[in-house]
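The residues making up each chain are set out below.
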Amino acid sequence: MAGEPQADCLFCKIVAGDVPATVVRETETTVAFQDINPQAPSHVLVIPKAHYPDAASLAAGAPEVAADVLREAGAVAEQEKVAGNGYRVVLNTGAGAGQTVFHAHAHVLGGRGLNWPPG
């Protein structure tokens, strides 16, 4: 069920503290942690603490939490010192778009040139 922790979800386990992560920020509704397979010098994931399978379901079910995720993405970029030169926020939705963990999450990438269109 949307919003409820899922026993088989890696990110729900990180939120619960059952799986370790390098947490860089935490709020009442979000957790931000270093990506274990970084694609840029700065690569942090921002997730809602509540389980939603993707960005679309998060936006529909908890728009205020979706806004929190985006606000925290900006705060992460500032903290990581990539905001001044530019950064990218990516929300992959669905396997065809590269989503591999089906818990909504935003990738905050920076610290290198980010070409367009992405590959």
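These numbers were taken from a predicted model, which means no experiment stands behind them.

Conventions used here
- Along each chain, residue indices are assigned from 1 in the same order as the chain's sequence is written.
- Reporting in this predicted model follows two pLDDT cut-offs: at least 70 for local features of residues, and 80 or more for side-chain atom pairs to be given and counted; totals over whole chains, interfaces and linings ignore these cut-offs and use all residues.
- Values shown for side chains rest on all heavy atoms present in the structure; no hydrogens or waters enter the calculation.
- Only Phe, Tyr and Trp rings take part, Trp by its six-membered ring, and two of them pair if their centres are within 6.5 Å. Stacked means planes under 30 degrees apart, edge-to-face means over 60, and tilted covers everything else.
- By definition, any uninterrupted DSSP run of H or I lasting at least four residues is a helix, any uninterrupted run of E lasting at least two residues is a strand, and each is numbered from the N terminus.
- In this scheme, a residue with accessible area under 20% of its type's maximum is buried, one over 50% is exposed, and one in between is partly exposed, where area comes from a 1.4 Å probe on protein chains only.
- Whether two residues are in contact is decided by their heavy atoms: any pair within 4.5 Å suffices.
- Here a helix's expected span is defined as the number of its residues, less one, multiplied by 1.5 Å.
- UniProt positions are given in the numbering used here, feature names are shortened, and annotations may be inferred rather than shown by experiment.
- Two N or O atoms form a polar contact when they lie within 3.5 Å of each other; inside protein one atom must be a possible hydrogen donor and the other a possible acceptor, and for residues adjacent in sequence the pair counts only when both atoms belong to side chains.
- The salt bridge definition used is simple: a Lys or Arg side-chain nitrogen within 4 Å of an Asp or Glu carboxyl oxygen.

Undergrad: An account of the packing of aromatic side chains is requested, with residue identities and associated values reported.
TA: Counted according to the given criterion, the structure contains one aromatic pair. Arranged with centres 5.5 Å apart and planes meeting at 75°, the rings of phenylalanine 11 and phenylalanine 33 form a pair that is edge-to-face. In this pair, phenylalanine 11 sits in helix α1 (residues 10-16) while phenylalanine 33 sits in strand β2 (residues 30-34), placing the two residues 22 residues apart along the sequence. In this pair, the class of phenylalanine 11 matches that of phenylalanine 33, namely buried.

Undergrad: Describe the environment of threonine 27, naming the residues involved and giving the relevant values.
TA: With respect to the helices, strands and loops of the structure, threonine 27 is situated in the loop between β1 (23-26) and β2. Separated by 41 residues in the primary sequence, threonine 27 and aspartate 68 have C-alpha atoms spaced 8.9 Å apart. Beyond its immediate chain neighbours, meaning those up to four positions away, threonine 27 contacts Lys49 and Glu72.

Undergrad: Tell me about helix α3 (residues 63-79), and please be specific about residues and values.
TA: Its 17 residues give α3 an end-to-end C-alpha distance of 24 Å, which sits within 8% of 24 Å, the value for a rise of 1.5 Å per residue. Among the residues of α3, those classed as buried are Val65, Ala66, Asp68, Val69, Glu72, Ala73, Val76 and Ala77. Next to the buried residues of α3 lie β1, β2, β3 (42-48), α2 (55-61), β4 (87-90) and β5 (106-110). Lysine 81 sits one or two positions beyond α3 and adopts a positive phi of about 65°.

Undergrad: Hey, could you go over the UniProt feature "active site" (unreviewed entry) in the protein for me, with residue numbers and the actual values?
TA: In the numbering adopted here, UniProt assigns the feature "active site" (unreviewed entry) to His105. Its place among the elements puts histidine 105 in the loop between β4 and β5. Under the relative-accessibility criterion, histidine 105 is labelled buried at 7%. Those residues in contact with histidine 105 that lie beyond four places of it in its chain are Phe11, Leu45, Val46, Ile47, Val90, Leu91 and Gln99. Among the polar contacts made by the side chain of histidine 105, one reaches the main-chain carbonyl oxygen of histidine 103 at a distance of 2.6 Å.

Undergrad: Would you mind going over the side chain of histidine 107 in detail, with residue names and values included?
TA: Position of histidine 107 relative to the elements: it lies in strand β5. Within the structure, histidine 107 has its side chain in polar contact with the side chain of histidine 43 (distance 2.8 Å). Setting aside residues no more than four positions away along its own chain, histidine 107 makes contact with Asp35, His43, Val44, Leu45, Arg88, Val89, Val90 and Asn92.

Undergrad: Outline the pattern of salt bridges, supporting the account with residue identities and numerical values.
TA: Inspection of every chain in the model, using the stated rule, returns three salt bridges. The closest approach of N and O atoms between lysine 49 and glutamate 26, which form a salt bridge, is 2.9 Å. On the criterion of sequence distance, the pair formed by lysine 49 in the loop between β3 and α2 and glutamate 26 in strand β1 is long-range, its members being 23 residues apart. A salt bridge links aspartate 68 to arginine 71; the nearest nitrogen and oxygen atoms lie 2.5 Å apart. Highlighted residues: aspartate 68 and arginine 71, both in helix α3, separated by three residues, approximately one helical turn. For arginine 71, a relative accessible area of 53% translates into the label exposed.

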